[in-house]
Amino acid sequence: MSYWKKIVSASFVWLFLALPGLAAVPTLTRQARDNLVETERFLVVRTVKEIPEAVQVQMANLLRQASLQLANPGQKLQKADDDDPMVPQRRLIFAGISPDYCVVVYERYAYGVKGTVNNILVYSLAANVARLVGGGLTRSNVDDLAQLKTALKKGEIRPLARGYLP
């Protein structure tokens, strides 16, 4: 590859990484992870409308959506061969709500692995304000709270890469 092609290619990579709104989803701190696993007691919900409104608004902002487009469990999920914009690209598995946190676990079709991956987003809750404190993804089975806590303990939740839209 020529010198100029390398420079132009590198410039596009840096431009992509520097675009606003593509900041990395923070990695969960050890303290937050320990709180989620050991001390927090969660109410498990399995419909999008049961997720706190403040979390729905923050998720929609993160995913660059006007309102949160997340299918309920059992509803259709957009896959590689679907071109229907009315079908969501993400489907809720469950959410866990405690007085301090809301953990949203959902699946998304991943073209690279030709299957679904589970995304986990953790929001702190205080005075009806939600703040993203961490997240990641896993190919592990995370169908309920016990499996999520096991995956967290075993370190099976990988951090999201900068620029990855969860």
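See the structure shown above.
Residues numbered from 1 in each chain as written. Predicted model: local features only at pLDDT ≥ 70, side-chain atom pairs only at ≥ 80, totals over all residues. Heavy atoms only, no water.

*Asks:* Where do I start with the side chain of Ser124 in this structure?
*Replies:* Within the secondary structure layout, Ser124 lies in strand β4 (residues 115-126). Not counting residues within four places of it along the chain, the set of residues in contact with Ser124 comprises Asp100, Tyr101, Val129, Ala130, Arg131 and Val133. (Helix = DSSP H or I, 4+ residues; strand = E, 2+ residues; numbered from the N terminus. Contact = heavy atoms within 4.5 Å.)

*Asks:* Sorry if this is basic, but what is going on with the nonpolar core here?
*Replies:* Note on soluble globular proteins: their nonpolar side chains tend to be buried together. Of all hydrophobic cores here, the largest spans 23 residues; its most connected members are Ile51, Val55, Met59, Leu70 and Val104. Elements represented by at least two residues in this core include exactly α3 (53-62), β2 (90-97), β3 (101-110), β4 and β5 (129-138). Other than its neighbours up to four places away in sequence, Ile51 contacts Gln56, Leu70, Leu92, Ala95, Ile97, Cys102 and Val104. Core analysis: the next-biggest nonpolar cluster, separate from the first, contains 19 residues, Val122, Val142, Ala151 and Ile157 among them. (Core = buried A, V, L, I, M, F, W, Y, C linked by side-chain atoms within 4.5 Å. Buried < 20%, exposed > 50% of the residue type's maximum accessible area, 1.4 Å probe, protein only.)

*Asks:* So what exactly am I meant to see when it comes to the pairing of β4 here?
*Replies:* Taken residue by residue, a regular strand's side chains alternate between the two faces of the sheet. Burial of β4 is extensive: 10 of the 12 residues sit out of reach of the surface. By the bridge criterion, 10 bridges tie β3 to β4 in an arrangement that is antiparallel. Bridged to Val105 within β4 is Ile120. Both β4 and β5 contribute to a ladder of nine bridges, which runs antiparallel. Bridge pairing in β5 places Ala126 opposite Val129. Counted along the chain from β4 to the antiparallel partner β5, the turn is two residues long, and its residue Ala127 has a positive phi close to 50°. (Pairing = 2+ DSSP bridges.)

*Asks:* Can you help me understand the packing of helix α2 (residues 30-39) against helix α4 (residues 145-154) in this one?
*Replies:* When two helices pack together, you describe them by how their axes are tilted relative to each other and by the distance separating the axes. Axis separation between α2 and α4 bottoms out at 10 Å; the angle between their running directions is 140°. With respect to each other, α2 and α4 are oriented oblique. Here the hand of the crossing between α2 and α4 comes out left-handed. For the pair α2 and α4, the contacting residues are Arg33, Leu36, Val37 and Glu38 in the first and Lys149, Leu152 and Lys153 in the second. (Axes fitted to C-alpha atoms, helices over the stretch in contact; angles between N-to-C directions. Parallel < 35°, antiparallel > 145°, perpendicular 65-115°, else oblique. Left-handed = near helix turned anticlockwise from the far one by under 90°.)

*Asks:* Even after reading the chapter, I still don't get the environment of Leu165, so can you show me in this structure?
*Replies:* Of note, Leu165 is situated in the segment after α4. A residue is classified by how much of its surface remains accessible, and Leu165, at 24% relative accessible area, is partly exposed. In this structure, the C-alpha to C-alpha distance between Leu165 and Leu62, residues 103 residues apart in sequence, is 7.8 Å. Not counting residues within four places of it along the chain, the set of residues in contact with Leu165 comprises Leu62, Leu63, Arg64, Arg90 and Arg108.

*Asks:* Please clarify how unusual backbone geometry should be interpreted in this entry.
*Replies:* Excluding glycine, residues mostly have negative phi values, and the peptide bonds linking residues are mostly trans. Even without being glycine, Arg64 reaches a positive phi, approximately 55°. For Arg64, the position within the fold is in the loop between α3 and β2. Residue Ala127 is not a glycine yet carries a positive backbone phi of 50°. Positionally, Ala127 belongs in the loop between β4 and β5. Of the residues examined, Ala127 reaches a relative accessible area of 75% and is grouped as exposed.

*Asks:* Could you clarify how one ought to interpret α2 in this entry?
*Replies:* An α-helix turns once per 3.6 residues; consequently, residues spaced three or four apart project the same way. Restricting attention to buried positions, one finds in α2 the residues Ala32, Leu36 and Val37. End-on, the buried residues of α2 take up no more than an arc of 125°, which puts them together on one face. In α2, the exposed residues that point more than 90 degrees away from the buried face are Arg30, Gln31 and Thr39. Looking at the buried residues of α2, the elements they touch are β3, β4 and α4. (Arc of directions from axis to C-beta.)

*Asks:* What exactly am I supposed to notice about the environment of Leu36 here?
*Replies:* Considering the arrangement of structural elements, one finds Leu36 in helix α2. Between the alpha carbons of Leu36 and Lys149 there is a distance of 7.5 Å; along the sequence they are 113 residues apart.

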